[in-house]
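# Descriptive analysis of the structure
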Amino acid sequence: MTISKNVAIISELAHLSSRVDIWASCVNKIDARTLLELGVWRGEFAESLLKACPAIERFYLIDPWRNLDTWNKPWNVTDETFRLVYEEALNRTRIGGDRCVSLRGTTMEVIDEIPDGSLDFAYVDGDHTLRGISIDLIKAYPKVRPGGILGGDDYTPTIWQHSEEFEPSLVCPFAAYFAESQNAPLIILPFSQFAILKPLEGEMSTFQVIDTTGTYGSRNLISQVKRRESQT
Ligand SMILES: C[S@@+](CC[C@H](N)C(=O)[O-])C[C@H]1O[C@@H](n2cnc3c(N)ncnc32)[C@H](O)[C@@H]1O
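Residues numbered from 1 in each chain as written. Predicted model: local features only at pLDDT ≥ 70, side-chain atom pairs only at ≥ 80, totals over all residues.

## Digging into the overall build of the protein chain
- Scanning the protein chain from terminus to terminus reveals eight helices and eight strands.
- For a compact globule of 232 residues, the expected C-alpha radius of gyration is about 17 Å, and the protein chain comes in at 17 Å, within 12% of that figure.
- With the C-alpha coordinates aligned to their principal axes, the bounding extent of the protein chain is approximately 55 × 50 × 30 Å.
- Counting every position in the protein chain, which comprises 232 residues, the buried fraction comes to 38%.
- Long-range pairs, those at least 24 residues apart, make up 69% of the contacts in the protein chain with a sequence separation of at least 6. (Helix = DSSP H or I, 4+ residues; strand = E, 2+ residues; numbered from the N terminus. Rg over C-alpha atoms; globule rule 2.2 N^0.38 Å. Buried ≥ 20, exposed ≤ 12 C-beta atoms within 10 Å, placed from the backbone. Contact = placed C-beta atoms within 7 Å.)

## Brief notes about helix α2 (residues 19-29)
- When α2 is considered as a whole, its buried residues turn out to be I22, W23, A24, C26 and V27.
- Downstream of α2 by a residue or two, D31 has a phi angle that is positive, lying close to 55°.

## Let's talk about the pairing of strand β5 (residues 144-152)
- Bridge count between strand β4 (residues 119-124) and β5: five bridges; the pairing is parallel. By the bridge assignment, L119 is partnered in β5 with V144.
- Crossover handedness for the path β4 to helix α6 (residues 130-140) to β5: right-handed. (Pairing = 2+ DSSP bridges. Right-handed = clockwise from strand over helix to strand, strands pointing away.)

## Considerations on the site of the ligand
- The immediate surroundings of the ligand are formed by 20 residues, with G39, W41, F45, D125 and G126 found nearest.
- For the shell around the ligand, the secondary structure elements donating two or more residues are β1 (34-38), α3 (44-52) and β2 (58-63). (Near = placed C-beta within 6 Å.)

## Some details on the nonpolar core
- In terms of nonpolar packing, the biggest core is built from 60 residues, with L36, A122, A140 and A175 touching the most fellow members.
- With residues up to four places along the chain from it excluded, the contact list for A122 reads L36, L38, A140, K143, V144 and L150. (Core = buried A, V, L, I, M, F, W, Y, C linked by C-beta atoms within 7 Å.)

## Things to note about the sheet that holds strand β3 (residues 100-104)
- The strand order β3-β2-β1-β4-β5-β7-β6-β8 describes an open sheet built from eight strands, whose pairing is mixed. With one partner strand each, in any of the chains shown, β3 and β8 (209-211) form the two edges of the open sheet. Averaged over all neighbouring strand pairs, the angle between strand axes comes to 15°, with direction disregarded.
- Lying over the sheet, helix α1 (residues 3-12) contacts β5, β6 (186-189), β7 (193-197) and β8, oriented at roughly 170° with respect to β7. (Axes fitted to C-alpha atoms, helices over the stretch in contact; angles between N-to-C directions.)

## Describing the packing of α6 against helix α7 (residues 171-181)
- Following both chains from N to C, one finds α6 and α7 inclined at 30°, their axes separated by 10 Å at the closest point. Relative to α7, the element α6 is oriented roughly parallel. As for how α6 packs across α7, the hand of that crossing is right-handed. The segment α6 lies against α7, with L130, I133, S134 and L137 engaging V171, F174, A175 and F178.
- Tallied by class, the residues present in the contact of α6 with α7 amount to seven nonpolar, one polar and no charged. (Parallel < 35°, antiparallel > 145°, perpendicular 65-115°, else oblique. Left-handed = near helix turned anticlockwise from the far one by under 90°. Nonpolar A, V, L, I, M, F, W, Y, C, P; charged D, E, K, R; others polar.)

## Considerations on the environment of V124
- Checked against the element boundaries, V124 lands in strand β4.
- Expressed as a C-alpha distance, the spacing of V124 and D154, which sit 30 residues apart in the sequence, is 9.3 Å.
- When near neighbours in sequence (up to four residues on either side) are disregarded, V124 contacts L38, G39, D136, L137, A140, L150 and G152.

## What to know about unusual backbone geometry
- C172 connects to P173 through a cis peptide bond whose omega is 15°.
- On the secondary structure map, P173 appears in helix α7.
- A positive phi angle is found at W65, which is not glycine, with a value near 45°.
- Structurally, the position occupied by W65 is in the loop between β2 and α4 (79-93).
- Phi is positive for D154, which is not a glycine, with a value near 65°.
- Residue D154 is classed as buried on the basis of its C-beta count, with 20 C-beta atoms lying within 10 Å.

## Some remarks on the environment of A140
- Looking at the secondary structure, you find A140 in helix α6.
- Through-space distance from the C-alpha of A140 to that of L119 is 9.3 Å; in sequence the pair is 21 residues apart.
- When sequence neighbours within four positions are dropped, the list of residues in contact with A140 reads L36, L38, I111, A122, V124 and L150.

## A word on α4
- Helix length check: α4, at 15 residues, gives a terminal C-alpha distance of 21 Å against a target of 21 Å (1.5 Å per residue), a fit within 8%.
- Here α4 has its buried residues at F82, Y86, A89 and T93. Taken down its axis, α4 places every buried residue within 60° of arc, on the same side. The exposed residues of α4 that point more than 90 degrees off its buried face are E80, T81 and N91. (Expected span 1.5 Å × (residues − 1). Arc of directions from axis to C-beta.)

Written as structure tokens, this is what we have:
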């Protein structure tokens, strides 16, 4: 699928009424068969896609399902809670049978078990700190085939997604800067979703940000940092 066709397909998803509807419709429209969800938690998103997208042939699920010393976010629960979360994820994705490949580990530990250029669609929803989103996009992009889609969650207009003891979320603007480095368009969708459209090999493609919500302003951080400083 060429970039302009993918831009049209993805932009049209903006009218849908939930994050799951957006990505299930995307997977069906681009006929994605090999998928990755990076950051699975209880498996609710994966379960929804498995139910809504019958053409899925392989679905990689990456998550360490363990407490991480270096991850300062509210989802970083105890090992005991993660054990239960993992069991729930396995139960929810059982409907996928052997189409589901669970890779238990951090992105750095396990993503190279996925062959380069093999994914039609990858969904990044793991560690949203600057460190996390940098690693996830840099490591996941080569796994997506030319013409495929790298989507993700938590492209929040503010970096202050959680209370002040937690690291800020830097999916926005990092994903846009990453897309720029690849000459790839980035589409902002409702519900804080983003999609990077990987060009075909040899295809002329230029970086642009298409904001289907019309609500995102400048990607500079200075105003957000200043606002936070004035509150403390
Ligand atoms: C927001 S939750 C994912 C929610 C899930 N995508 C959904 O829609 O239901 C974030 C997940 O990212 C995982 N995670 C955190 N750091 C990670 C890392 N370095 N590599 C892979 N996954 C990570 C956590 O264990 C957690 O389950």
